[in-house]
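# Understanding the architecture of this molecule
So the chains spell out like this:
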Amino acid sequence: MTTKHSILSKYHEQNACTSKSMFVILHLPNEMPTEYHKFVPISYGSKTSILLTGKSHRTDDALRDYSPDVRQCYFEGEKKLKFFKAYSKAHCEFECVANDTLEECVCVPFWYPRSKLTRVCGLSEMECIDKVNYRHRILGYPSCDCYQPCNSLTYEMAASPTIYFNFYLPK
């Protein structure tokens, strides 16, 4: 009898060494890289140039009197996260997905932030996890109020691959 777990394990085993690319994730030093960050795919056998453009965002302190919903940002210390010391929009979104996954699936994947008592999902809950992730990606993060920090440094990223030395790749 073949189980779902053994089928998935066999699939991952067969495809582990046949990947044609990898991903470079762009994140700030005080952030944990997550699937919610910007990324660039880099194909094996190619040279990829990545152009980073830094952007500094500053919000005048006079705007503190307005609510975060009006100004669409958080000043330092205004929004605390449960699992991350440093606030960032990516951390907020990741924590939000974890909280919504816990609420809907009654568990979280092992790579999500969680408390010690939170149940870790098994393979049988992957459909529920995927449904929550899909909803967040399509609708944004409606239950989260995740805004950019009012004062921050961000990076825009553009990549241009150039194919070369393909003849050195194993077949």
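Structural notes, computed from the coordinates. (Residues numbered from 1 in each chain as written. Predicted model: local features only at pLDDT ≥ 70, side-chain atom pairs only at ≥ 80, totals over all residues. Heavy atoms only, no water.)

Our next topic: the overall build of the protein chain. If you tally the helices and strands in the protein chain, you get four helices and six strands. Traced from its N-terminal end to its C-terminal end, the protein chain shows the element sequence α-β-β-β-α-β-α-α-β-β. Within the protein chain, buried positions represent 30% of all 171 residues. The contacts of the protein chain with a sequence gap of at least 6 include a subset with a gap of at least 24, amounting to 60%. (Helix = DSSP H or I, 4+ residues; strand = E, 2+ residues; numbered from the N terminus. Buried < 20%, exposed > 50% of the residue type's maximum accessible area, 1.4 Å probe, protein only. Contact = heavy atoms within 4.5 Å.)

Over its 17 residues, helix H3 (residues 89-105) runs 24 Å from end to end, which matches the ideal 24 Å to within 8%, given 1.5 Å per residue. Counted residue by residue, H3 has twelve buried out of 17 residues, so it is predominantly covered. Every buried residue of H3 is listed here: Ala90, His91, Cys92, Glu93, Phe94, Glu95, Cys96, Val97, Ala98, Asp100, Thr101 and Cys105. Looking at the buried side of H3, the elements it contacts are helix H4 (126-139). Val106 lies just past H3 and shows a positive phi near 60°. (Expected span 1.5 Å × (residues − 1).)

The next point concerns the nonpolar core. Grouped together as the largest cluster of nonpolar side chains are 19 residues, with contacts concentrated most on Leu81, Tyr87, Cys92, Cys105, Tyr112, Ile129 and Cys146. Where this core is concerned, the elements lending two or more residues are H3 and H4. (Core = buried A, V, L, I, M, F, W, Y, C linked by side-chain atoms within 4.5 Å.)

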